Amino acid sequence: LYKRIKMLVPISVVCPTHKGNKKLPKLINSILNNTVKPNEIIICGTNINDIKCLNQKGIKFIVSSISNQSYQRKLAIKKSKNQLILLTD
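In every chain, residue numbers begin from 1 and rise along the written sequence. In view of the model being predicted, local features appear only for residues whose pLDDT reaches at least 70, and side-chain atom pairs are presented and counted only at 80 or more, with totals across whole chains, interfaces and linings using the full set of residues. As a rule here, side-chain values cover all heavy atoms of the structure and leave hydrogens and water aside.

### Remarks on helix α2 (residues 24-32)
Then, in step 1: Burial in α2 covers these residues: L24, I28 and I31. Viewed end-on, α2 has its buried residues packed into an arc of 60°, placing them on one side of the element.
Then, in step 2: Along its buried surface, α2 packs onto β1 (11-17), β2 (40-45) and β3 (59-63). Burial classification: accessible surface area is computed with a 1.4 Å probe over protein chains only, and a residue below 20% of its type maximum counts as buried, one above 50% as exposed, and the rest as partly exposed. Put simply, DSSP marks the helices as runs of H or I at least four residues long and the strands as runs of E at least two long, and each gets a number from the N terminus on. Think of the arc as the fan of directions from the helix axis to the C-beta atoms. Any pair of residues with heavy atoms lying within 4.5 Å of one another is described as a contacting pair.

The following block contains the structure:
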């Protein structure tokens, strides 16, 4: 059933972050340990150094010049390819 859901509705997870290099690995592991895995994970942050902790494939990182959570979320949603978008804070 879970595989069927994923096939019917591609899923994206969008996460705005600011200096999240300590918390991002835990978040990503939590997402990937779920039964239904997203087709893409998009992290939008202000710090290029956050990308160093993202060594897994299938994760997109967008650098934002503005450290505003709403702005980062909208920016990441625009880059999403999928129909169903899940947001984290």
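Here the narrative resumes, following the displayed structure.
### A few points about helix α3 (residues 69-79)
Then, in step 1: Within the sequence span of α3, burial applies to Q72, R73, L75 and A76. Along the long axis of α3, the arc covered by the buried residues comes to 165°, so they all point the same way. The exposed residues of α3 that point more than 90 degrees off its buried face are K74 and K78.
Then, in step 2: Contacts from the buried residues of α3 go to β1, β2, β3 and β4 (84-87).
Then, in step 3: Under the rule applied, a polar contact is a pair of N or O atoms within 3.5 Å (in protein, one hydrogen donor and one hydrogen acceptor; residues adjacent in sequence only if both atoms are side-chain atoms). N-cap assignment for α3: the residue whose side-chain oxygen lies 2.9 Å from the backbone N of S70 is N68.

### Re the confidence of the model for the chain
Fine structural detail should not be taken from predicted coordinates in areas where pLDDT scores are low.
Then, in step 1: Per residue, pLDDT captures the predictor's confidence, and it can take any value from 0 to 100. Scored by pLDDT, the chain comes out at a mean of 79, with 80% of its residues at no less than 70.
Then, in step 2: Mean pLDDT across the secondary structure elements of the chain bottoms out at helix α1 (residues 2-8), with 58, and peaks at α3, with 89.

### Points about the nonpolar core
Buried together is how nonpolar side chains tend to be arranged in soluble globular proteins.
Then, in step 1: Core analysis: the largest hydrophobic core is formed by 9 residues, namely V13, C15, L24, I28, I31, I41, I43, I59 and F61.
Then, in step 2: Broken down by secondary-structure element, the contributors of at least two residues to this core are β1, α2, β2 and β3.
Then, in step 3: Sequence-distant contacts of I31, that is, excluding residues within four places in its chain, are made with V13, P38 and I41.
Then, in step 4: In these notes, a set of buried Ala, Val, Leu, Ile, Met, Phe, Trp, Tyr and Cys residues joined through side-chain atoms within 4.5 Å is what counts as a nonpolar core. Formed by 6 residues, the second largest nonpolar core is a distinct cluster that contains V14, I42, I62 and L75.

### As for the sheet that holds β4
Then, in step 1: Spatial ordering of the open sheet is given by β3-β2-β1-β4, a layout of 4 strands whose pairing is parallel. This sheet does not close on itself; its edge strands, each paired only once, are β3 and β4. Between one strand axis and the next, the sheet turns by 25° as a mean value, whatever way the strands run.
Then, in step 2: Two strands qualify as a pair provided that DSSP identifies no fewer than 2 bridges between them. For β1 and β2, the ladder comprises 6 bridges, and the chain directions are parallel. Paired with V14 across the strands is I42, a residue of β2. In this analysis an axis means a line fitted to C-alpha atoms, helices contributing only their contacting stretch, and an angle means the value between N-to-C directions, from 0 to 180 degrees.

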